Amino acid sequence: MKSNFEKCMVMLLENEGGYQEDDRDPGNHGDGYGSPGSTNWGVTAKVYAEYTGQPAPREIMKELKKEDVYPIYKELYWDKIKADELPSGVDWTVFDYCVNSGPSRAVKGLQASVGAQADGAIGPKTMAAVEETDTKKIIEGMYTARQYFLEGLSTFSIYGKGWSKRNEHVKHTALEMR
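Now for a look at the structure at hand.

Per the counting criterion, the structure on display carries eight aromatic pairs. With a centroid separation of 6.1 Å and an interplanar angle of 90°, the aromatic rings of Phe5 and Tyr70 are classed as edge-to-face. With Phe5 in helix 1 (residues 5-16) and Tyr70 in helix 4 (residues 66-78), this residue pair connects regions lying 65 residues apart in the sequence. Accessibility expressed as a relative area gives 9% for Phe5, which makes it buried. Ring centres of Phe5 and Trp78 lie 5.3 Å apart, and the angle between their planes is 65°; this geometry places the pair in the edge-to-face category. Of this pair, Phe5 sits in helix 1 while Trp78 sits in helix 4, and the two are 73 residues apart along the sequence. On the basis of relative accessible area, Trp78 is assigned to the buried category, the value being 0%. Ring-pair connections join several aromatic residues into one group, and the members of that group are Phe5, Tyr70, Tyr73, Tyr77, Trp78 and Phe95. A cation sits over an aromatic face here: Lys74 above Phe5, 5.8 Å from the ring centre.

Let us look at the state of the cysteines. For the coordinates displayed, the defined rule picks out zero disulfides. The cysteine Cys8 is free of any disulfide, with Cys98 supplying the nearest cysteine sulfur at 12 Å. For Cys98, a relative accessible area of 0% puts it in the buried group.

Applying the stated criterion across every chain, the model contains eight salt bridges. A salt bridge links Lys46 to Glu50; its shortest N-O distance comes to 3.9 Å. Taken together, the positions of Lys46 and Glu50, both in helix 2 (residues 45-52) and four residues apart, correspond to about one turn of that helix. Judged by its relative accessible area of 33%, Lys46 falls in the partly exposed class. Look at Glu50 and you get exposed, because its relative accessible area is 56%. Where Lys171 meets Glu168, a salt bridge forms, and the shortest distance between an N and an O atom there is 3.8 Å.

Conventions we followed
Residues numbered from 1 in each chain as written. Predicted model: local features only at pLDDT ≥ 70, side-chain atom pairs only at ≥ 80, totals over all residues. Heavy atoms only, no water. Phe/Tyr/Trp six-rings, centres within 6.5 Å; stacked < 30°, edge-to-face > 60°. Helix = DSSP H or I, 4+ residues; strand = E, 2+ residues; numbered from the N terminus. Buried < 20%, exposed > 50% of the residue type's maximum accessible area, 1.4 Å probe, protein only. Lys NZ or Arg CZ within 6 Å of the ring centre and 35° of its normal. Disulfide = S-S within 2.5 Å. Salt bridge = Lys/Arg side-chain N within 4 Å of Asp/Glu carboxyl O.

Below, the structure is given as C-alpha cells:
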C-alpha cells in the first residue's frame, strides 16, 4: 500500500544494518569504476555508482546516511515491484525479497504464490491474481519460495542462518501488517 513505504524502509534498514566489507559476499563486488566492493545500508558500491553515475569508493560508501539510500530503494526496488499497488504485508515481503535477490526473482516468487505466469514483470494479470488471492497465502508462499531459493545458494553455509532468520522475521511482520 502506498502508505507503507516509510514503514517498510525502517524495517529494511534494520535488517540491512550499516557499513560492511565482506569479500565472501558475491553481491559485494566493486563499483565498476575500479573501487573495491562495500555495502552500506544494504546498498552495494556497484548499485550506488550506477545510480549516481559516479565512483563509489569505500570512503564515500562509509559516509552514506540512511536518508541517502531512500531514493535508491524507492526507484530501483519499491517502484519496480509496484509495491504501492500491493496489499499491506505483501508489499513488505516482496520488497525485502527484491532488495536481496533482485526485482525479477521477487516478482516471480509473487507470481508463483498467486498462480500467475512467472515472467518477472508485474502486469494486469499478476495484479488481478494478487487481488483474488488471500494475503496470508501470498505471504506464506513468498516465504517458502524465498527459503527454497536461499537454501540453493552456494553461500548458504556462510550466510544461511542469518538469511533464514530474516526470512522468518519478514514473514511474521508481513502477516502482522495485513
